Amino acid sequence: MSTTPQPSFWGSIWADTVTSWKEMLAPRTLVDNLLSGLTVAFVALPLNLALALACGLPASAGLITGAVTGFIAALIGGSRLQVTGPEVALVPLTFEILQRHGPHGLLCATFLCGVLQVIMGVARVGRLIHMIPVSVIGGFMAAVGLLVFNSQLPRLLGLPAEMRLVSSLPGTGWLAHVDLFAVGIGALVIAATVLLPKLHRRLPGGLIGLVAAIAAVGALGVGTASVGPISASFPAPSLPEFHRLEFIAIFPEAIALALLASIDSLLSAVAIDAQSNAKRHSSEQELVAQGVANVVSSMIGGMPVAGAIVRSSAALQCGATTRLAALTQSVTLLGLLYLARPFVERLPLAGLAGILLVVGYRLINWQQARFMWRVSRFEAFVFVATAASIVVSDFVGGVLMGLVLSLVHFAHMQRRVDVSLVTAPTDEPAEMPRLLELPARRSLRPTPPVAVVRVEGPIFFASHTELRSLAEGGPLPRHLVFDLAGVPLIDCTGIQAFRALLARLREQGTRALLSRASDIVTERLQEAGILRELAGGRVFPTVAEALDSLEEPAARASVFSAPRGQLASPLLRPEAPAGAS
């Protein structure tokens, strides 16, 4: 009997991509996606300009990068509705690399970033994005928003170019340089960006605000800083000049850029999946596509790119359902560069800063922060600590600190191992009735001859101390059967603690048996040699079989005939409720 061979992972990805290309030409969705792409292009135009200028690059770099990389990622990306281009989260690191290593260093870092992203995609590590806690993600996005405010408020206030950041403003002397006309222009654009889309979702509020700002500047005849001359020549592709800098100096920053761009892109893709009914994105394919886009960007003199949540959400709200929307956006951007260059050159910097400030504010999820404060104060602390660490240090260090704090919180929540005495037939319905048929006789001694102890929870570095209480506080039964069905894992620290417990039990004359441990826990105990130290030398499949192996059936029955909570108190911790050990 022949079976049809299953396609490989990447073969399945390729077949799905080809299918998505065919869907772009479906007549019923063609017009909606074309209109959506045109609308998003007008949203992306001021963003790409503003982001390029915020990084210290020519405005044309933002337009060309957005057009070329957006086309590549839209064609082969793992998310059909994601729009790729210059992204606000990459601005601080991009600016830092540019200041340290110059334009050629930024191109080399972008190239290496792309290569690393392709490697991560091929290695299929994209799924790890789903393991990052919401508190860390929220802190990351909030930090980006705060850094946008730090860099764009001086532009909104019309301060001189050398005053780049709020954090570096000298005392109160900068107040004398505030340009009230620039502030008015920025306020006009902010109002249009926020209010006009509420009238109709397809209105490009930012672009309309910029048109009104240009009209106001021309009508009043007041000079203000603008984008300035833009080169319309398309750069000839070439590899970055790696010989002009030390590879060791740029590689750590390329790693940081790759991690940041990857996290940003995948978070955006996850958010788009949640907002749409489209096929769920492929994280691995998206990483490869983003990597190729960054490699090409470095070869045309561009800047780092990532999946952009603002533009992607705008496309979705305008009716995008296929890759055609993102492709149309890219082609439109390239057309605007050559057909509307005089208009672009006159855009006021204060107006572009206003758009970025709106984006930065929206990146701070105030509702999520309030929810965490109500539900889990520690997770709210992780949210704030991650954001603060990124602002004062860097993105990678801040995210890593947030992850470490989250792991500490998890370990804290899992630190308690609950141990309860099995006394009712409902604990093991399939086995207990047979045991309970034995004559129920209670032991006259202070402690029962047999006790069955059910352990619940992981036994690891944060919880192993809970086991010690079993061997403390008084006489123990002759036989102690551990039911480990509720133990999902045991680490080396837990194994050492378990071995110490068994040694204490032997000293007090108690034989220990193990039952119902999972295959993983059993394998680890066997590798550690603990099974050789147990009565029976193995893990029994059921508690009943462990009890059957004992020599005292009457004593064995007595442990089950006693009502729950009436077993000997030496097994109970003073601080624990009755029935817990």
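Along each chain, residues carry numbers from 1 onward, in the same order as the chain's sequence is written. Only residues with pLDDT of 70 or above have their local features reported here, since the model is predicted, and side-chain atom pairs are shown and tallied only from 80 upward, although totals for entire chains, interfaces and linings are computed over all residues. Side-chain measures here rest on the full set of heavy atoms in the structure, leaving out hydrogens and waters.

Some details on the side chain of R454
Next up, step 1: Counting from the N terminus, the helices are DSSP H or I runs at least four residues long and the strands are E runs at least two residues long. Of note, R454 is situated in strand β4 (residues 450–456).
Next up, step 2: Here a polar contact is taken to be a pair of N or O atoms separated by no more than 3.5 Å, where protein atoms must pair a possible hydrogen donor with a possible acceptor and residues adjacent in sequence count only if both atoms sit in side chains. A polar contact of 2.8 Å, which involves the side chain of R454, links it to the side chain of D483.

Details of the pattern of salt bridges
Next up, step 1: Each salt bridge in this description consists of a side-chain nitrogen of Lys or Arg and a carboxyl oxygen of Asp or Glu lying within 4 Å of one another. The tally for this structure, following the rule as stated, stands at 10 salt bridges.
Next up, step 2: The residue E87 makes a salt bridge to R311 at a minimum N-O spacing of 3.7 Å. With E87 in the loop between β1 (84–85) and α4 (91–122) and R311 in helix α10 (residues 309–317), this residue pair connects regions lying 224 residues apart in the sequence.
Next up, step 3: Using a 1.4 Å probe on the protein chains alone, a residue whose accessible area is under 20% of its type maximum counts as buried, one over 50% counts as exposed, and one in between counts as partly exposed. Take E87: its relative accessible area is 7%, and that puts it in the buried class.
Next up, step 4: When the shortest N-O distance is used, the salt bridge between R341 and E345 registers 3.6 Å. Taken together, the residues R341 and E345, both in helix α12 (residues 341–345) and four residues apart, mark about one turn of the helix.
Next up, step 5: One salt-bridge network, in which partners are shared between bridges, spans D16, E23 and R80.

Details of the layout of surface pockets
Next up, step 1: Its volume calculated, the largest pocket comes out at about 1,100 Å³.
Next up, step 2: We place a 1 Å grid over just the protein atoms. Points where a 1.4 Å probe fits but has no way out form a cavity, open points with protein on both sides within 12 Å along at least 5 of 7 lines form a pocket, and any residue with an atom within 4 Å of a point lines it. As for the largest pocket, its lining consists of 41 residues, and the residues nearest its centre are Q275, I309, V310, S313 and R362.
Next up, step 3: When contributions to the lining of the largest pocket are tallied by element, the ones reaching two or more residues are α2 (27–54), α5 (134–156), α6 (180–199), α7 (205–220), α8 (247–275), α10 and α13 (349–363).
Next up, step 4: Residues are sorted three ways: Asp, Glu, Lys and Arg are charged, Ala, Val, Leu, Ile, Met, Phe, Trp, Tyr, Cys and Pro are nonpolar, and all the rest, Gly among them, are polar. Split by residue class, the lining of the largest pocket holds 25 nonpolar, 12 polar and four charged.
Next up, step 5: Grid points are joined across faces, edges and corners, and a volume is the space filled by probe spheres set on the points. If you add up the space inside the second largest pocket, you get close to 910 Å³.
Next up, step 6: Lining the second largest pocket are 45 residues, with A54, V91, F95, S151 and L165 positioned closest to its centre.
Next up, step 7: Residue assignment for the lining of the second largest pocket shows that the elements contributing at least two residues are α2, α4, α5, α8, α13, α15 (377–392) and α16 (395–413).

Looking at the packing of aromatic side chains
To describe a pair of aromatic rings, one takes the distance between the centres and the angle between the planes.
Next up, step 1: Two aromatic rings, drawn from Phe, Tyr or Trp (for Trp, its six-membered ring), form a pair once their centres lie within 6.5 Å of each other, and the interplanar angle then sorts them: stacked below 30 degrees, edge-to-face above 60, tilted otherwise. A full pass over the atoms with the stated rule returns seven aromatic pairs.
Next up, step 2: For the ring pair F247 and F251, a centre distance of 5.2 Å and an interplane angle of 25 degrees mean the geometry is stacked. Linking F247 with F251, this pair stays in helix α8, spanning four residues, or about one helical turn.
Next up, step 3: Overall, F247 belongs to the partly exposed group, its relative accessible area being 41%.
Next up, step 4: Taking the centre distance of 6.0 Å and the plane angle of 40 degrees together, the rings of Y361 and W366 count as tilted.

Some points on the pairing of strand β6 (residues 511–515)
Next up, step 1: Where burial is concerned, most of β6 is hidden: four out of the five residues are buried.
Next up, step 2: Strand pairing is assigned whenever DSSP detects at least two bridges linking the two strands. Of the pairings in the sheet, the one linking strand β5 (residues 479–486) to β6 comprises five bridges and is parallel in character. Each residue of the ladder has a partner; that of H479, found in β6, is R511.
Next up, step 3: This β-α-β element, β5 to helix α18 (residues 492–507) to β6, shows right-handed connectivity.
Next up, step 4: In the sheet, β6 pairs with strand β7 (residues 539–540) via two bridges, with the strands oriented parallel. Bridge assignment links S515 to a residue of β7, and that residue is F540.
Next up, step 5: Convention used here: a crossover is right-handed provided that the path from the first strand, over the helix, to the second strand proceeds clockwise when the strands point away from the viewer. In terms of handedness, the path from β6 via helix α19 (residues 519–527) over to β7 forms a crossover that is right-handed.

Thoughts on unusual backbone geometry
Next up, step 1: If you check the backbone angles, R124 has positive phi at about 60 degrees while not being a glycine.
Next up, step 2: With respect to the helices and strands, the residue R124 is situated in the loop between α4 and α5.
Next up, step 3: In this structure R124 comes out as partly exposed when scored by relative accessible area, which is 33%.
Next up, step 4: Here R516, not a glycine, exhibits a phi torsion of approximately 55 degrees, which is positive.

Honestly, that's just the spatial picture; any functional story needs more than this.
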